[in-house]
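Report on the structure
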Amino acid sequence: MSGLLAGKRLLVTGVITDASIAFSVAKLAQENGAQVVLTGYGRLSLVERIAKRLPEPAPVIELDVTNAEHLAGLADKVREHVDGLDGVVHSIGFAPQSCLGGGFLDAPWEDVATAIHVSTYSYKSLAMAALPLMSAGGAVVGLTFDATKAWPVYDWMGVAKAGLESASRYLALHLGKRGIRSNLVAAGPLRTIAAKSIPGFEQFEEAWAERAPLGWNLTDQEPAARACLALLSDWFPATTGEIVHVDGGYHALGA
């Protein structure tokens with residue numbers, strides 16, 4: 001099969017619905033020649049149903065990134081479907097409601113700790129769990145939302161994303177000696193399940209639609225997915241610790 005990712009074996013996390021960025025990544029990856037294995041958490045039957053909507057039905061592995069046993073067994077479960085991995089996509093984020101929607105000053109540590117564990121530390125955890133399957137030339141790609149600024153209603157998830165961006169740089173430092181890259185894609189706001197869980201998220205939508213130099217489609221996940229594919233491919237062999245903005249150019253503007 002020809003394509004940008006011909007012969008690549010990918011592990012893609014975070015597919016919840018066919019409107020998720022991760023689904024678009026998996027779909028485009030298959031269309032470009034990759035073998036894809038998905039992970040799911042919670043309602044696994046839902047992920048399995050969504051997986052059947054891909055060009056080629058993809059196997060689904062249960063993975064809770066905060067569960068040490070799941071992480072320890074991940075490599076063996078992946079080997080049941082492919083003999084190694086060339087890329088890993090981290091599309092995982094969660095924060096309790098107290099951490100969002102203007103609750104920054106009141107959110108308790110227990111909830112903040114959950115947000116950081118799931119949304120930040122899991123990037124390193126997932127990479128290490130997949131590492132036994134990876135070799136030089138491999139890539140880890142995650143999804144962020146520009147954490148250089150404080151956004152209304154994003155609160156502790158913004159802090160978690162800032163940590164994710166730093167974690168990616170440190171992962172790039174420590175995995176570079178193995179020839180493995182770590183990069184992030186900073187997408188603009190999209191109407192995903194995650195976005196709908198944030199009270200007041202429409203503030204982002206209005207700003208982007210009005211100000212992004214290239215314009216911004218709130219329901220089109222493909223531009224962000226295409227950036228993920230490029231970073232997973234062999235076309236960025238010397239790029240690591242980078243954040244690629246896919247937001248219509250909004251990040252480049254002044255306040």
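Within any chain, residue numbers begin from 1 and follow the written order of that chain's sequence. Since the coordinates come from a predicted model, pLDDT governs what is reported: local features require at least 70, and pairs of side-chain atoms require 80 or more to be given and counted, while whole-chain, interface and lining totals use all residues. The side-chain figures draw on all heavy atoms in the structure; neither hydrogens nor water molecules are used.

The name given to the protein chain in an unreviewed UniProt entry is Enoyl-[acyl-carrier-protein] reductase [NADH], with the source organism recorded as Micromonospora viridifaciens. UniProt positions are given in the numbering used here, feature names are shortened, and annotations may be inferred rather than shown by experiment. We quote the UniProt Catalytic activity (unreviewed entry) comment for the protein chain here in full: "a 2,3-saturated acyl-[ACP] + NAD(+) = a (2E)-enoyl-[ACP] + NADH + H(+)".

Remarks on the packing of aromatic side chains
Only the six-membered ring of Trp is used, alongside the rings of Phe and Tyr, when aromatic pairs are assigned; centres must lie within 6.5 Å, and planes under 30 degrees apart are stacked while those over 60 apart are edge-to-face, with the rest tilted. Throughout the structure, instances matching the rule amount to seven aromatic pairs. Ring geometry for tryptophan 208 and tyrosine 250: centres 3.9 Å apart, planes at 20°, overall stacked. Of this pair, tryptophan 208 sits in helix α7 (residues 202-211) while tyrosine 250 is found in the segment after β7 (243-246), placing the two residues 42 residues apart along the sequence. Taken individually, tryptophan 208 and tyrosine 250 each receive the classification buried, so the pair is uniform in this respect. Taken together, Phe145, Trp151, Tyr154, Trp208 and Tyr250 form an aromatic cluster joined through their ring pairs. A run of H or I in DSSP becomes a helix once it reaches four residues, and a run of E becomes a strand once it reaches two; helices and strands are each numbered from the N terminus. Any residue under 20% of the maximum accessible area for its type is buried, any over 50% is exposed, and the rest in between are partly exposed; the area is computed with a 1.4 Å probe on protein chains only.

What about the pairing of strand β1 (residues 9-12)?
Where a strand is regular, its side chains alternate between the two sheet faces. Covered by surrounding structure in β1 are Arg9 and Leu11 together with Leu10 and Val12, the residues of both alternating faces. Here β1 runs beside strand β2 (residues 35-40); their pairing, made up of four bridges, is parallel. Across the sheet, valine 12 pairs through a bridge with leucine 38, a residue of β2. Handedness of the β1-helix α1 (residues 21-31)-β2 crossover: right-handed. Note on pairing: DSSP must find at least two bridges between two strands before they are called paired. Alignment of β1 against strand β4 (residues 87-90), held across three bridges, turns out to be parallel. When the sheet's bridge partners are listed, leucine 11 is paired in β4 with valine 88. When the strands point away from the viewer, a crossover counts as right-handed if the path from the first strand over the helix to the second runs clockwise.

What about the UniProt feature "binding site: NAD(+)" (unreviewed entry) in the protein chain?
The UniProt feature table records "binding site: NAD(+)" (unreviewed entry) at Gly14, Ser20, Ile21, Asp64, Val65, Ile92 and Lys161. Here valine 65 lies in the loop between β3 (60-62) and α3 (68-79). In this structure valine 65 comes out as buried when scored by relative accessible area, which is 6%. In contact with valine 65, other than residues within four places in its own chain, are Leu71, Ile92, His117, Val118, Ser122 and Ser125. Mapped onto the elements, isoleucine 92 comes out in the loop between β4 and α4 (109-130). When near neighbours in sequence (up to four residues on either side) are disregarded, isoleucine 92 contacts Thr13, Val65, Val118, Ser119 and Ser122. Contact between two residues is taken to exist if any of their heavy atoms lie within 4.5 Å; hydrogens are not considered.

Topic: α3
Residues of α3 that are buried include every one of His70, Leu71, Leu74, Ala75 and Val78, and no others. Projected onto a plane normal to the axis of α3, the buried residues spread over an arc of 145° and lie on a single side. Away from the buried face of α3 by more than 90 degrees, exposed residues Ala68, Glu69, Ala72 and Asp76 are located. With a side-chain oxygen lying 2.8 Å from the backbone nitrogen of glutamate 69, the N-terminal cap of α3 falls on asparagine 67. The directions considered for the arc are those from the helix axis to the C-beta atoms. Within 3.5 Å is the distance limit for a polar contact, defined as a pair of N or O atoms, with the added protein rule that one can donate a hydrogen and the other accept it, and that residues adjacent in sequence qualify only through two side-chain atoms.

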